[in-house]
Amino acid sequence: GFSKKDIQTMTDLAILEARGLHDTGIIPPSSGPAAVMCSERVHFMKHYIQTLQDAIIRESSVEDDSSLPLAGLRIVLNAGNGSGSFFNNLLQKLGADVSSSFNLNPDGTFPDGVPNPENNKMIEKTLRACEECKADIGIMFDTDADRCGFVVPRTVTPTSSSDYEALNKNRLIALLSVIFSNTSPGSTIVTDSTTSEGLSDFITNNLGLVHNRYLRGYANVIGKAKEITESGEAIAEMAIETSGHCAMRENGYLDDGTYTAVKVIGLLSRISRSSNADDRVSLLDLISDMKEMEVEKEVRLNVLDGSIQTTTQVFGHIANIVEDACTGGNGSEKVTEWELDSENLEGVRVRTGNGGFFMLRRSLHDPVISIMVEGTSPHDVQTFFERLYNLLQRNKEITGAVELSVLQN
């Protein structure tokens, strides 16, 4: 895909070229009786859909292009009334039963809510649709289908599927990493900064891949993946955020949710056709060795005066207090369970033991400080918030600038 800088450069060049052609009288008028219109339109969607079709056939390991690699699979697509509804027709063309798909009519008013594969409402509706038809998989797209998430059954038997769960965020990154561990051993996976400790351990120690935990922002992770590959340092097969933004080297590092779906569907197709009916497994079984935390929570501290300058200053105070609590520096009492992540590149990240962590980040655009925490139990997470509140409420520069009561709730 093109970056903002690339597009600006092309626009500037086009303006320069057009101005030159116009000044020399080469460009004909575009309006009036002597107007010259385009003689041919290029249907990019036709080409795009064909590339996705070829990819599904390839990922399904089907040699005959005329075959139906998705035959026997029941797939529910929740396109969210966005632009990804075309994908349903492709799934059907390749043999899938898509009779329970829904929200397929593009509608900018989004009658079922703005589609977001991280949103619990969208996940729940997709999950219920999958339960009703015993689907093999459910797919969720956002408005422009550059992000996706899935719903898959935990239990798979020869005659039925049940116990559906979301497959997104860290789980989706883990599953895609499983695919690349087979096709590109030792390659690099670039993720955003908020991925879990369990995911990093799974990618590195279970799959033998390299995990590069970088910054939030899909442009950041894509740029980092390109840099790693183009420098010859390593091969970065995938750049992905927990939000579902995903770009793969084989697809030109294009941020494309439909291509992400292609990879997952292709894997499901291979498993379905290669396994005996009695030995079928869930996609979740492929990532069962990844340690997951029971509780994930994010709270936001609002800066009272609404200024970015104050946000930056207060964040600096909070970061110093947390870092001192990790190391016992500046006369602070060391919190035994806290270990500062020295390799973190964004905000402050602290490991809390048993796979848990918390992360502090300040918004670049809003007067907000985000606190994200993962823990083994509600009690552990509550204990963390209480401890953090006790540390911060002693500092008048912090208590006078942000509302800390959210940490007590």
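Refer to the structure above for everything that follows.
The structure reproduced in this document is the subject of the present report. Quick caveat: nothing in here was measured; it's all calculated off a predicted structure.

### As for the sheet that holds strand E1 (residues 75–78)
- Spatially, E1-E2-E3-E4 is the arrangement adopted by the four strands of the open sheet, whose pairing is mixed. On the outer flanks of this sheet lie E1 and strand E4 (161–167), each paired with one strand and no other. Each strand of the sheet is rotated relative to its neighbour by a mean of 20°, with strand direction disregarded.
- Where strand E3 (residues 148–156) lies against E4, six bridges are found, and the strand directions are antiparallel. Within E4, the residue paired with Val151 across the bridge is Ala166.
- This element, helix H8 (residues 257–274), spans E1, strand E2 (137–141) and E3 of the sheet and lies at about 170° to E2.

### Considerations on the pairing of strand E7 (residues 236–240)
- Extensive coverage of E7 is indicated by the burial of five of its five residues.
- Pairing geometry for strand E5 (residues 188–191) and E7, over four bridges, is parallel. In the sheet register, Ile189 faces E7, and the bridge partner there is Met238.
- Pairing of E7 with strand E8 (residues 246–248), which is carried by three bridges, proceeds in the antiparallel orientation. Counterpart to Met238 in the pairing with E8 is Met248.

### Observations concerning the environment of Leu284
- Tracing the sequence through the fold places Leu284 in the loop between H8 and strand E10 (295–302).
- Residues Leu284 and Leu175, 109 residues apart in the sequence, show an inter-C-alpha distance of 8.1 Å.

### Details of the sheet that holds strand E9 (residues 254–255)
- A sheet is described by the order of its strands in space; here five strands give the open sequence E6-E5-E7-E8-E9, paired in mixed fashion. What marks the edges here is a single partner per strand, and that holds for strand E6 (210–213) and E9.
- In the packing of helix H5 (residues 169–183) onto the sheet, contacts are made with E5, E7 and E8, and the angle to E7 comes to roughly 170°.

### Considerations on the nonpolar core
- By size, the foremost hydrophobic cluster in this structure holds 53 residues, and its most contacted members are Phe87, Ile139, Phe150 and Leu283.
- Dropping the residues within four chain positions of it, Ile139 is found in contact with Ile75, Val76, Leu77, Asn78, Phe87, Leu91, Gly149, Phe150, Ala261 and Ile265.

### So, the side chain of Asp341
- By the element assignment, Asp341 lies in the loop between strand E11 (339–340) and strand E12 (348–353).
- Apart from residues lying up to four places away in sequence, Asp341 is in contact with Arg213, Arg349, Val350 and Arg351.

About the criteria used
Residues numbered from 1 in each chain as written. Predicted model: local features only at pLDDT ≥ 70, side-chain atom pairs only at ≥ 80, totals over all residues. Heavy atoms only, no water. Pairing = 2+ DSSP bridges. Helix = DSSP H or I, 4+ residues; strand = E, 2+ residues; numbered from the N terminus. Axes fitted to C-alpha atoms, helices over the stretch in contact; angles between N-to-C directions. Contact = heavy atoms within 4.5 Å. Buried < 20%, exposed > 50% of the residue type's maximum accessible area, 1.4 Å probe, protein only. Core = buried A, V, L, I, M, F, W, Y, C linked by side-chain atoms within 4.5 Å.

Function-wise, these values are silent; they only describe arrangement.
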